[in-house]
Amino acid sequence: MAESMIKVEDKLYFNRFVVDAGKPHISVRPHKIPSAQLRSLEYMCPAGCYSANDQGQIEIAPDGCLECGTCRIVTSATGEVEWNYPRGGFGILYKFG
Ligand code: SF4
């Protein structure tokens with residue numbers, strides 16, 4: 001009998017995220033043309049926090065961020081992402097899944 005497959009999206013549903021309204025812990029520095037590293041975050045971020053706007057610039061909505069650090073590492077050479085942990089009491093809670 002085959003085991004039932006659990007998708008990543010299903011597992012992410014068990015997490016809880018406490019939004020620190022008005023104080024995002026990650027931001028993208030202003031830019032006109034994003035580097036290839038920054039653009040790649042549209043596909044690399046496991047929480048889907050990065051997206052391109054109509055001008056092709058990359059934006060972040062850090063609600064749901066898993067604090068994995070991928071975006072911090074990928075853009076470490078370009079410095080396009082300002083990365084901090086959330087303040088105490090905010091951010092991801094993993095204890096539900
Ligand atoms: S730390 Fe991980 S989950 Fe959070 S925005 Fe960066 S890549 Fe996405």
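Structure first, text after, so check above.
Attention here is on the structure that accompanies the text. Note that the structure is predicted; figures quoted are calculated from it, not measured.

Now for the overall build of the chain. The helix and strand tally for the chain stands at three helices and six strands. In the chain, the succession of helices and strands from N to C terminus is α-β-β-α-β-β-α-β-β. In terms of overall dimensions, the chain has C-alpha extents of about 50 × 35 × 25 Å along its principal axes. When the 97 residues of the chain are sorted by exposure, 30% land in the buried category. The contacts in the chain between residues at least 6 apart in sequence include a share of 66% that link residues at least 24 apart. Total accessible area on the chain is roughly 6,900 Å²; 55% of this is exposed by carbon and sulfur atoms. Charge centroids of the chain, computed over 10 positive and 11 negative side chains, lie 6 Å from each other.

So, on to the pattern of salt bridges. Tallying each qualifying case throughout the model produces two salt bridges. Linking Asp-20 and Arg-87 is a salt bridge whose minimum nitrogen-to-oxygen distance equals 2.7 Å. Linking Asp-20 in the loop between β1 (16-18) and β2 (26-28) with Arg-87 in the loop between β5 (81-83) and β6 (91-93), this pair joins segments that are 67 residues apart in sequence. On the basis of relative accessible area, Arg-87 is assigned to the partly exposed category, the value being 44%.

Taken together, the neighbourhood of the ligand is formed by 13 residues, with Cys-45, Cys-65, Leu-66, Cys-68 and Cys-71 sitting nearest. Along the lines of polarity and charge, the residues of the shell around the ligand split into ten nonpolar, two polar and one charged.

We now examine the packing of aromatic side chains. Per the counting criterion, the structure on display carries one aromatic pair. Geometrically, the ring pair formed by Trp-83 and Tyr-85 is edge-to-face, given 4.9 Å between the ring centres and 80 degrees between the ring planes. Exposure remark for Tyr-85: the relative accessible area of 57% places this residue in the exposed category.

Take the environment of Tyr-85 next. Secondary-structure assignment places Tyr-85 in the loop between β5 and β6. When the C-alpha atoms of Tyr-85 and Pro-24 are compared, they prove to be 9.5 Å apart, with 61 residues separating the residues in sequence. Sequence-distant contacts of Tyr-85, that is, excluding residues within four places in its chain, are made with His-25 and Glu-67.

Conventions used here
- Residues numbered from 1 in each chain as written.
- Predicted model: local features only at pLDDT ≥ 70, side-chain atom pairs only at ≥ 80, totals over all residues.
- Heavy atoms only, no water.
- Helix = DSSP H or I, 4+ residues; strand = E, 2+ residues; numbered from the N terminus.
- Buried < 20%, exposed > 50% of the residue type's maximum accessible area, 1.4 Å probe, protein only.
- Contact = heavy atoms within 4.5 Å.
- Areas by Shrake-Rupley, 256 points an atom, 1.4 Å probe, with all protein chains shown as cover.
- Lys, Arg positive; Asp, Glu negative; His and termini not counted.
- Charge placed at Lys NZ, Arg CZ, Asp CG, Glu CD.
- Salt bridge = Lys/Arg side-chain N within 4 Å of Asp/Glu carboxyl O.
- Near = heavy atom within 4 Å.
- Nonpolar A, V, L, I, M, F, W, Y, C, P; charged D, E, K, R; others polar.
- Phe/Tyr/Trp six-rings, centres within 6.5 Å; stacked < 30°, edge-to-face > 60°.

Function cannot be read off these values alone, since they describe shape.
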